[in-house]
Amino acid sequence: MSQAPALATATLMLLLPGCALFQLSGDASKSMSSPREWFGNKAKVDDGPTLNTARLEASIVTRPANDERIRQHVWLELDESGLMAPDRRQRLNQSGFRVAVASGTAPWALQSLAREALAALRSTEGQASPDLQMDDQFSAMGPTFNVMQNSKSLIEVQSQLDSSILPLNELPALAVLRDQSGLRCVMEVSVQELTNDMVLLSVLPQIHIGANTTRFSISGSTEQLPVRQNIVPLYDQQFTVRLHTGDTVVIGQQRSETWNSGRLFFEPLSGSAATERLLMIRLTGVDQMKGQSDSSFRLDAYDK
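As the structure is a computational prediction, the values presented were derived from the model and not from experiment. (Residues numbered from 1 in each chain as written. Predicted model: local features only at pLDDT ≥ 70, side-chain atom pairs only at ≥ 80, totals over all residues. Heavy atoms only, no water.)

**Structural notes on the pairing of strand β6 (residues 144-148)**
Looking down a regular strand, the side chains alternate between one sheet face and the other. Put simply, the test is: The classification of residues rests on relative accessible area computed with a 1.4 Å probe and restricted to protein chains. Under 20% of the type maximum is buried, over 50% is exposed, and intermediate values are partly exposed. Each helix is a run of DSSP H or I of at least 4 residues and each strand a run of E of at least 2, with the numbering of both proceeding from the N terminus. Following DSSP output, two strands are said to pair if at least two bridges run between them.
Counting buried positions along β6 yields four of five residues, so the element is predominantly enclosed. Here five bridges tie strand β4 (residues 50-64) to β6, and the two strands are oriented antiparallel to one another. By the bridge assignment for β6, Arg-55 is matched with Asn-146.

**Re the confidence of the model for the chain**
Quick reminder of the rule: Known as pLDDT, the predictor's confidence for each residue is given on a scale from 0 to 100. Here a residue-residue contact requires only that any non-hydrogen atoms of the pair lie within 4.5 Å.
Summarising the model, the chain shows a mean pLDDT of 75, and 69% of its residues fall at 70 or more. Within the model, the stretch residues 1-43 combines pLDDT values under 50 with 147 contacts to residues more than four positions away or in other chains. Low pLDDT, under 50, characterises residues 127-138; the predicted model gives this stretch 21 contacts beyond four residues in sequence or across chains.

**Section: the side chain of Thr-248**
By the secondary structure assignment, Thr-248 is in strand β14 (residues 248-253). In this structure Thr-248 touches Ala-100, Val-101, Ala-102, Leu-110, Met-141, Leu-243, Met-280, Ile-281 and Arg-282, once residues within four positions along its chain are discounted.

**Some words on the nonpolar core**
Selection rule: The criterion is simple. A nonpolar core is a set of buried Ala, Val, Leu, Ile, Met, Phe, Trp, Tyr and Cys residues joined through side-chain atoms within 4.5 Å.
Ranked by size, the top nonpolar core spans 45 residues in total, and within it Leu-201 and Leu-264 carry the most contacts. Top element by residues in this core is strand β8 (residues 183-194). It accounts for six residues. Apart from the residues within four sequence positions on either side, Leu-264 is in contact with Gln-158, Leu-161, Leu-166, Leu-168, Leu-171, Leu-174, Leu-183, Cys-185, Ile-207 and Trp-259. Trp-75, Ala-100, Met-141 and Met-280 belong to the second-largest nonpolar core, a separate cluster that totals 17 residues.

**Overview of the side chain of Gln-237**
In plain terms, the rule: Throughout this description, a polar contact denotes any pair of N or O atoms lying within 3.5 Å of each other; where both atoms belong to protein, one of them has to be capable of donating a hydrogen while the other can accept it, and for residues adjacent in sequence the pair is counted only when both atoms sit in side chains.
Relative to the assigned elements, Gln-237 resides in the loop between β12 (227-233) and β13 (239-244). Among the polar contacts listed, one links the side chain of Gln-237 to the side chain of Ser-95, at a separation of 2.8 Å. Setting aside chain neighbours within four positions, we find Gln-237 in contact with Arg-88, Leu-92, Ser-95, Phe-97, Val-203, Pro-205 and Ser-261.

**Quick word on the packing of aromatic side chains**
What describes a pair of aromatic rings is the distance from one ring centre to the other and the angle between the planes of the rings. The criterion, for reference: For Phe, Tyr and Trp, where Trp contributes only its six-membered ring, two rings pair if their centres lie within 6.5 Å, and the inter-plane angle classes them as stacked under 30 degrees, edge-to-face over 60, or tilted in between.
Following the criterion strictly, the structure yields three aromatic pairs and no others. For the pair Phe-97 and Phe-265, a centre-to-centre distance of 5.5 Å together with 65° between the ring planes defines the contact as edge-to-face. On the criterion of sequence distance, the pair formed by Phe-97 in strand β5 (residues 97-102) and Phe-265 in helix α5 (residues 261-266) is long-range, its members being 168 residues apart. As far as burial versus exposure is concerned, Phe-97 and Phe-265 are alike and both buried. Both rings, one in Phe-265 and one in Phe-266, keep their centres 6.2 Å apart while their planes meet at 45°; by these two values the pair is tilted. Judged by relative accessible area, Phe-265 falls into the buried class, the value being 0%. Taken together, the ring pairs connect Phe-97, Phe-265 and Phe-266 into an aromatic cluster.

**Examining unusual backbone geometry**
The phi dihedral of Asn-150 falls on the positive side, at around 65°, and the residue is not glycine. One can find Asn-150 in the loop between β6 and β7 (152-161). Despite not being glycine, Gln-160 has its phi angle at roughly 50°, a positive value. Assignment of secondary structure puts Gln-160 in strand β7. Assessed through its relative accessible area of 52%, Gln-160 is described here as exposed.

Have a look at this one:
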């Protein structure tokens, strides 16, 4: 039942509006062709206000669905009860989501899973670009990224799921959609508060579904025609957690006999080959940056 270490690699998509230190050229809706492009090109920075930004690490672990480290051991030493009101946690659990925080040093099971995921990601990207200095792009847990206050990033947990083999009609938000192709499960991560060593992190599960279509939107005073899918935000499953420097929030599946949103995000398939995923986000620090809020940064990792 064991899987190759490369199964630990999962797709991360981080979209960071509002940071003038990075910019992309070309169509931002297209995937980047190499890890070198993860970090874009540094733009010239004019004098501007000081911007507070949270420095974060992310890791998505993929393991066989019967792996006891995910089923039991990971959650034993994590704090679930102190994060939010009991009724809020119950609502998340009923929707199939489980959230906890590791304060300071993470438990051994969590560290073990993070090391396996990082080793697989380093191996995959090192083979794709052998001349790339991988240590500049990965932390002890995984790819690093910054999120400014009142800005957001998108982390892709599942990519291009085959909706024809999933019971999507059991999810009211999706059952009414005519086009259920190209289904992706995404976590929108935003920062609501920042201090020198603390961040109030908000996490909103989203389902991106349907064919990529040009859609009208307005950003600031600029009209845009982005190419994107339908986005179904799951506001009932949105939550906030308070992280101090070194803390890690762990997001996974609350197991249930019924099909629900958490199952779709973390264990969509069944059978002997089923896998389960786990998302970890660690706060490594809070920085101050000089710049303008007029460009974006996108990071793509590759699922092998």
